[in-house]
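Residue-level structure breakdown
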Amino acid sequence: MAQRRLTERQKRQISANKSQKALGADADQHHGTVMTHHGKEVIVRNDAQEMISCQLRQNLGTIVCGDSVIYQYIDPGSEPKTAVVIALADRKNLLEKSGFGGKAKAVAANIDQMIVVCSLVPKPNSYLIDRYLVAAENLPAQPLILINKIDLLDDKNEHVVNDINSIYEAIGYRVLETSAIHNTGIDELQSVLADVTSILVGLSGVGKSSLVKNLLPDIEIRIGEISQASYEGKHTTTVSTFYTLPTGGNLIDSPGVRDFSPVKLNTEQILNGFVELRPYRGHCKFANCSHRDEPGCAITEALETGAISLQRVNSFRKM
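Reading the values: rules and limits
- Residues numbered from 1 in each chain as written.
- Predicted model: local features only at pLDDT ≥ 70, side-chain atom pairs only at ≥ 80, totals over all residues.
- Heavy atoms only, no water.
- Helix = DSSP H or I, 4+ residues; strand = E, 2+ residues; numbered from the N terminus.
- Salt bridge = Lys/Arg side-chain N within 4 Å of Asp/Glu carboxyl O.
- Pairing = 2+ DSSP bridges.
- Axes fitted to C-alpha atoms, helices over the stretch in contact; angles between N-to-C directions.
- Contact = heavy atoms within 4.5 Å.
- pLDDT = per-residue confidence, 0-100.
- Buried < 20%, exposed > 50% of the residue type's maximum accessible area, 1.4 Å probe, protein only.
- Phe/Tyr/Trp six-rings, centres within 6.5 Å; stacked < 30°, edge-to-face > 60°.
- Lys NZ or Arg CZ within 6 Å of the ring centre and 35° of its normal.

**Quick notes on the environment of Gly172**
Along the chain, Gly172 falls in the loop between α3 (158-169) and β10 (175-177). Sequence separation between Gly172 and Leu144 is 28 residues, and the spatial gap between their C-alpha atoms is 9.8 Å.

This is the structure:
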């Protein structure tokens, strides 16, 4: 007889039931935060700041960087210590992206702030920035835009920086400008990262790794601790990794992407992700307005008066 597949809802219920049992069970259970994921194992940091390599109990569902978990030691007296994750705590949120075939792929959990990193090289993609902002608004998490490699600024690309600042600051988003090479803007970045859990997201090549090295002077030591816990001897850059910053706060370094799309958002959620379009909800002539060419569309009328950006409206319509 074929094994019955569990739905995601059933997996979450099983995980919740195990969490309740674990919380009321014996003292040989420990809480920790998932630092990174290596194959069928996760690296968990406990309250004593130890890195523990953990296997995953079946039917827990997807566990990702930033998750809070409960684990038990397999052999408490062994060195290095190994354990098994037995339960997943409730999440504040979960960042997912559209993977192969449109299937949801989890990136990280329990995020307070999303830092959307772009750079002068490669040139920023406004539609990609908007998709990240929509994802952040729907988590919800505080979005922030960061333009890196500002040391490459010249007369030919100055308009790129000006356009990003004018469009996004006008609708309430903070825009930072940094250079990892010249250490420009790093102090300001540290201040916005303090006391929250942030994630760096963006295309490959925008300089996220260089920023992390500036923020974490002992990054090689921290990578070494994770590598030792995972028996790998090297850091895997294809997975998200969780770090605690010396200046306060936590930082999740996510791998660079070629593209990003939020997962399974309906029209109302997409509209919610465009903060400047929210006031026009419910003000169109037709309840089922597609916000394209119908008469009496409140968004089209606002666009004609210059109240909202054409670039942002085009992104909304494309999504």
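Now, onward.
**A closer look at the pattern of salt bridges**
By the definition in use, this model includes eight salt bridges. Across the pair Arg131 and Asp259 runs a salt bridge whose closest N-O atoms are separated by 2.9 Å. Within this pair, whereas Arg131 is found in helix α2 (residues 126-138), its partner Asp259 is found in the loop between β13 (250-253) and α7 (267-273), the two being separated by 128 residues in sequence. Glu276 is the salt-bridge partner of Arg312, the closest N and O atoms lying 2.7 Å from each other. Remark: Glu276 occurs in the loop between α7 and α8 (298-304) and Arg312 occurs in helix α9 (residues 310-318); sequence separation between them is 36 residues.

**Notes on the sheet that holds strand β1 (residues 30-38)**
Where strands meet in a sheet, backbone hydrogen bonds hold them as pairs that are either parallel or antiparallel. Spatially, five strands are ordered β1-β2-β3-β5-β4 in a closed barrel, and the strand pairing comes out mixed. Averaged over neighbouring strand pairs, the angle between their axes works out to 55° when direction is ignored. The pairing of β1 with strand β4 (residues 68-73) spans four bridges and is antiparallel. Each residue of the ladder has a partner; that of His30, found in β4, is Tyr71.

**Considering the sheet that holds β13**
If you trace the six strands from one edge of the open sheet to the other, you get β10-β9-β8-β11-β13-β12, paired in mixed fashion. Every interior strand has two partners, whereas the edge strands, β10 and β12 (241-244), have only one. Shown here is a sheet whose adjacent strand axes are inclined to one another by a mean of 25°, direction ignored. Bridge analysis of strand β8 (residues 113-119) against strand β9 (residues 142-148) gives seven bridges, and the strand direction is parallel. Looking at β9, one finds that Ser119 is bridged to Asn148. Docked against the sheet, helix α5 (residues 208-215) engages β8, β9, β11 (197-201), β12 and β13, running at close to 155° with respect to β13.

**Description of the confidence of the model for the protein**
The predicted model of the protein has a mean per-residue pLDDT of 87, with 86% of residues at 70 or higher. Considering only residues more than four positions removed or in separate chains, one finds that residues 22-26, a stretch of pLDDT under 50, has eight contacts. Under a pLDDT of 50 for its full length, residues 231-237 has, in the predicted model, 14 contacts with residues more than four places off or in other chains.

**Examining unusual backbone geometry**
With an omega dihedral of -5°, the bond running from Val121 to Pro122 counts as a cis peptide bond. Among the structural elements, Pro122 can be located in the loop between β8 and α2. In this structure, the amide linkage connecting Leu139 to the following residue, Pro140, adopts the cis form with an omega of -5°. On the secondary structure map, Pro140 appears in the loop between α2 and β9. You will see that Asn183, though not glycine, has its phi angle at about 65°, which is positive. Secondary-structure assignment places Asn183 in the loop between β10 and α4 (186-193). Accessibility expressed as a relative area gives 46% for Asn183, which makes it partly exposed.

**Focus on the packing of aromatic side chains**
On inspection of all chains with the given rule, the structure shows three aromatic pairs. Centroid distance Tyr71 to Tyr73: 5.5 Å. Interplanar angle 85°. Geometry classified as edge-to-face. The same class applies to Tyr71 as to Tyr73, namely buried. Ring centres 5.6 Å apart and planes at 75° place the aromatic pair Phe274 and Phe316 in the edge-to-face group. One end of the pair, Phe274, is in the loop between α7 and α8; the other, Phe316, is in helix α9, with 42 residues separating them in the sequence. With a relative accessible area of 0%, Phe274 lands in the buried category. Seen from the ring of Tyr127, Arg131 lies directly overhead, with NZ or CZ sitting 4.2 Å from the centre.

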